[in-house]
Amino acid sequence: MGTITTDDGTVIFYKDWGPRDGQPIVFHHGWPLSADDWDSQMLFFLAHGYRVIAHDRRGHGRSTQTATGHDMDTYASDVAALADALDLQGAFHVGHSTGGGEVARYVARAKRGRVAKAVLVSAVPPIMVKSDSNPGGLPIENFDEMRAALAAHRAQFFIDVPSGPFYGFNRPGANVSQGLIDNWWRQGMAGAANAHYECIKAFSETDFNEDLQQIDVPVLVAHGTDDQIVPYDDAGPLSAKILKKGTLKSYEGLPHGMLSTHPEILNPDILEFLQS
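Small disclaimer: the values here were computed from a predicted structure and weren't measured.

Caption draft 1: Geometry of the overall build of the protein chain. Per the secondary structure count, the protein chain includes ten helices and eight strands. Computed over the C-alpha atoms, the radius of gyration of the protein chain is 17 Å, within 12% of the 19 Å expected from 2.2 N^0.38 for a compact globule of 276 residues. On the protein chain, roughly 11,100 Å² of surface is accessible, and the fraction owed to carbon and sulfur atoms is 51%. Averaged over its 22 positive side-chain charges, the protein chain has a centre that lies 5 Å from the centre of its 34 negative ones.

Next up, the structure:
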């Protein structure tokens, strides 16, 4: 574990496990979580000889609770600072949800040689919010409701989300894990309310179409068809179509948080893609 300090004085916390000469995999977490959300994946890929790295986004987890910079450009800049500090070459970047947007923006702008492949899991690109150019998106009112719930009672909101749509625990017959719910709450409450509030705009209104068009490395786009947070039809298939070297892998009936509910399915599939 360590930290770096960005040009604006923000301290970014990160974990860095495994052999220094192993091929690096950088994991980018979703909203409003932290590097801890990747425990299953980091242990799995560590056992396969990779160097595994995960950071807490600014305002999240153990990184600085900043007043500014809660936007995709700054998030990507922070990742670039981390990659420079660790001198990561030929890295794989894996992003979940908001972290998928962060990956798209970073990879599109990364220095040559920094990135070998990328994986977008349940990711927010191309763009979530509904508009004339994105008629299949979610109405802005949905995100206004999230902001209102967070501002009114963040602690309860951060119980309601993982207990319901995030992991699909609101579906009939769901195998509910109290541990996942509690861990989601723990990670969320460790971060800053202002960062989480402003990040809703960042993940819902940022347009990643140009980023996806510019990416020239292979990208696996993995998305569950029962994703209640980032609906399948307006996300995964569209991103894969825009990418130059995109591969779509759909998971029938799986939820937004499928990396945590079904790691035994997702981890081997990601490994196969990275090794291919």
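The discussion continues.
Caption draft 2: How the structure looks around the environment of A116. If you trace the backbone, A116 turns up in strand 6 (residues 115–121). We classify A116 as partly exposed; its relative accessible area is 26%. Sequence spacing of A116 and I25 is 91 residues, and the spatial spacing of their C-alpha atoms is 9.9 Å. Discounting chain neighbours no more than four positions away, the residues touching A116 are Q23, G90, A91, F92, V217 and P218.

Caption draft 3: Examining the nonpolar core more closely. Of all hydrophobic cores here, the largest spans 54 residues; its most connected members are W31, V107, W184, F203, I215 and V219. Listing elements by their share of this core, those giving two or more residues are strand 2 (11–17), helix 2 (72–86), helix 3 (98–109), strand 6, helix 4 (140–163), helix 5 (178–190), helix 6 (193–205) and strand 7 (219–224). Broken down by element, the residue count for this core peaks at seven residues, all from helix 2. Non-local contacts of I215, meaning those with residues more than four positions away in its chain, are made with A104, V107, A108, L243 and K244. In terms of nonpolar packing, the next biggest core, distinct from the first, is built from 24 residues, F27, L254, L259 and L266 among them.

Caption draft 4: The pattern of salt bridges, seen in detail. Applying the stated criterion across every chain, the model contains 19 salt bridges. Between K111 and D84 there is a salt bridge, and its shortest N-O distance comes to 3.2 Å. Residue K111 is located in the loop between helix 3 and strand 6, and its partner D84 is located in helix 2; the two are separated by 27 residues in the primary sequence. Given a relative accessible area of 35%, D84 falls into the partly exposed group. When salt bridges with common partners are traced through the structure, they connect K15, D36, D39, D56, R62 and R186 into a single cluster.

Caption draft 5: Spatial organisation of the pairing of strand 4 (residues 51–55). Strand 4 sits mainly inside the fold: five of its five residues count as buried. Of the two faces of strand 4, the one holding R51, I53 and H55 and the one holding V52 and A54 are both buried throughout. Here strand 2 pairs with strand 4 via four bridges, running antiparallel. The residue bridging W17 from the neighbouring strand is V52, located in strand 4.

Quick notes on the rules
- Residues numbered from 1 in each chain as written.
- Predicted model: local features only at pLDDT ≥ 70, side-chain atom pairs only at ≥ 80, totals over all residues.
- Heavy atoms only, no water.
- Helix = DSSP H or I, 4+ residues; strand = E, 2+ residues; numbered from the N terminus.
- Rg over C-alpha atoms; globule rule 2.2 N^0.38 Å.
- Areas by Shrake-Rupley, 256 points an atom, 1.4 Å probe, with all protein chains shown as cover.
- Lys, Arg positive; Asp, Glu negative; His and termini not counted.
- Charge placed at Lys NZ, Arg CZ, Asp CG, Glu CD.
- Buried < 20%, exposed > 50% of the residue type's maximum accessible area, 1.4 Å probe, protein only.
- Contact = heavy atoms within 4.5 Å.
- Core = buried A, V, L, I, M, F, W, Y, C linked by side-chain atoms within 4.5 Å.
- Salt bridge = Lys/Arg side-chain N within 4 Å of Asp/Glu carboxyl O.
- Pairing = 2+ DSSP bridges.

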